[in-house]
Amino acid sequence: MSSKNKKVFAEGYSFKKLFLIFVIGSIFGALYEQILNLITTYLQTGNLVWELRRGVIYGPFSPIYGAGAVLLVYFLSKPNYSNLKTFIFGALGGGAFEYLISFLQETFTHTVSWDYSNHFLNINGRTTIPFMLVWGFFALVFVKIVYPFLSEQIEKIPIKFGNICFYIIFIFLVIDMAISWTALIRSALRRNNIEPLTPVGHFYDKVYPDPVLAKSFPNMSFDVRKDKKK
């Protein structure tokens, strides 16, 4: 078989490649948040604290970063924009995405994981212009340097092995995200004294009570913005 006809795992911008980019982004996003929290806590208190920072109950995954990585690849890498356009679109898109996720989390789970109300040039406490510039820089580095390398390495994975890994991780993450986010929604209902209407609700109340969720999401707090408005 010639090299031109040789099959390649997750070629181009296929769903499998984008999903693996999602997984890699989720893992590195969680690691980034943990390192950032370690440094921030040390500078503020002098203590070294390694605290879990993730978006699901099981596994070292922060799906927000994974989704962000996929959006960068699809909307900025695929069109092959210039460095300047990549930076600008990355900054605007990163700020809009951070704002949207904060809004959705607050709306559906009545919790917040970040509040920039006291930060310089913040936008409703959900994002800030300085952070948007950081997202623009990250987008430029990721799209122009990191993604091409990751794409090349992913396509080198043996097809059979890659497919097995893809299906295992895909099924696991779908279940993990579904359980995690519905457990948070059930927690919001529980705090509003709404009794479970189905056996699933009873199951969540027993297996995923608030103390368990607090350990899984230590940076999550109740919706303080709504409390301030009352």
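Each remark here, short or long, concerns the structure printed above.
None of the values given here were measured: they were computed from a predicted structure. (Residues numbered from 1 in each chain as written. Predicted model: local features only at pLDDT ≥ 70, side-chain atom pairs only at ≥ 80, totals over all residues. Heavy atoms only, no water.)

Considering the pattern of salt bridges
Scanning the model with the defined rule gives seven salt bridges in all. Of the charged contacts, one joins Lys 17 and Glu 155 as a salt bridge, the two residues approaching to 2.5 Å between their closest N and O atoms. Taken together, the positions of Lys 17 in helix α1 (residues 15-45) and Glu 155 in helix α4 (residues 129-155) put the pair 138 residues apart, joining distant regions of the chain. Accessibility expressed as a relative area gives 0% for Lys 17, which makes it buried. A residue is classified by how much of its surface remains accessible, and Glu 155, at 27% relative accessible area, is partly exposed. Between Arg 126 and Glu 106 there is a salt bridge, with its nearest N and O atoms 2.8 Å apart. A residue pair is termed long-range when its members are at least 10 positions apart, and Arg 126 in the loop between β2 (122-123) and β3 (127-128) and Glu 106 in helix α3 (residues 83-109) qualify at 20 residues. Residue classification places Arg 126 among the buried positions, given a relative accessible area of 7%. Judged by its relative accessible area of 4%, Glu 106 is buried. (Salt bridge = Lys/Arg side-chain N within 4 Å of Asp/Glu carboxyl O. Helix = DSSP H or I, 4+ residues; strand = E, 2+ residues; numbered from the N terminus. Buried < 20%, exposed > 50% of the residue type's maximum accessible area, 1.4 Å probe, protein only.)

Structural notes on α4
Spanning 27 residues, α4 covers 36 Å between terminal C-alpha atoms, matching the ideal 39 Å at 1.5 Å per step. The largest bend along α4 measures about 45° and falls at Phe 142. All of the buried residues along α4 are Met 132, Trp 135, Gly 136, Ala 139, Phe 142, Val 143, Tyr 147, Leu 150, Ser 151 and Ile 154. Against the buried residues of α4 lie α1, α2 (63-77), α3, β2 and β3. At the N-terminal boundary of α4, the capping side chain belongs to Thr 128, with an oxygen 3.0 Å from the backbone nitrogen of Phe 131. (Expected span 1.5 Å × (residues − 1). Bend = angle between axes of the 7 residues up to and from the residue. Contact = heavy atoms within 4.5 Å. Polar contact = N/O pair within 3.5 Å; in protein donor to acceptor, adjacent residues only side chain to side chain.)

Topic: α1
Residues separated by three or four positions in an α-helix point in the same direction, a consequence of the helix having 3.6 residues per turn. For α1, spanning 31 residues, the distance from its first C-alpha to its last is 44 Å, which sits close to the expected 45 Å at 1.5 Å a residue. Where α1 terminates, the next one or two residues include Gly 46, which has phi positive at roughly 85°.

What about the packing of aromatic side chains?
Inspection of the entire model under this criterion finds 21 aromatic pairs. Centroid distance Phe 15 to Phe 166: 6.0 Å. Interplanar angle 90°. Geometry classified as edge-to-face. Taken together, the residues span a long stretch of sequence, with Phe 15 in helix α1 and Phe 166 in helix α5 (residues 159-191) at a distance of 151 residues. Members of the aromatic cluster, joined through ring pairs, are Phe 15, Phe 19, Phe 22, Phe 166, Tyr 167 and Phe 170. Positioned over the ring face of Tyr 99 is Arg 126, at 5.4 Å from the centre of the ring. (Phe/Tyr/Trp six-rings, centres within 6.5 Å; stacked < 30°, edge-to-face > 60°. Lys NZ or Arg CZ within 6 Å of the ring centre and 35° of its normal.)

Quick word on the nonpolar core
Phe 19, Ile 21, Phe 22, Phe 142 and Leu 173 are the most contacted members of the largest nonpolar core, which has 24 residues in total. Those elements that provide at least two residues to this core are α1, α2, α4 and α5. Setting aside its immediate chain neighbours within four residues, Phe 142 contacts Ile 21, Ala 69, Leu 72, Val 73, Tyr 147, Pro 148 and Leu 150. The next biggest cluster of nonpolar side chains, apart from the first, holds seven residues, and it includes Ala 183, Leu 184, Leu 213 and Phe 217. (Core = buried A, V, L, I, M, F, W, Y, C linked by side-chain atoms within 4.5 Å.)

Quick look at the environment of Phe 97
Of note, Phe 97 is situated in helix α3. In this structure, the C-alpha to C-alpha distance between Phe 97 and Glu 195, residues 98 residues apart in sequence, is 33 Å. The residues contacting Phe 97, other than those within four sequence positions of it, are Ile 64, Ala 67, Gly 68 and Leu 71.

So, the environment of Val 70
Relative to the assigned elements, Val 70 resides in helix α2. According to the relative accessible area criterion, Val 70 is buried, its value standing at 19%. Here the alpha-carbon distance between Val 70 and Val 23, two residues 47 residues apart in the chain, equals 9.6 Å. In this view, Val 70 contacts Leu 18, Ile 21 and Phe 22; residues no more than four positions away in its chain are not counted.

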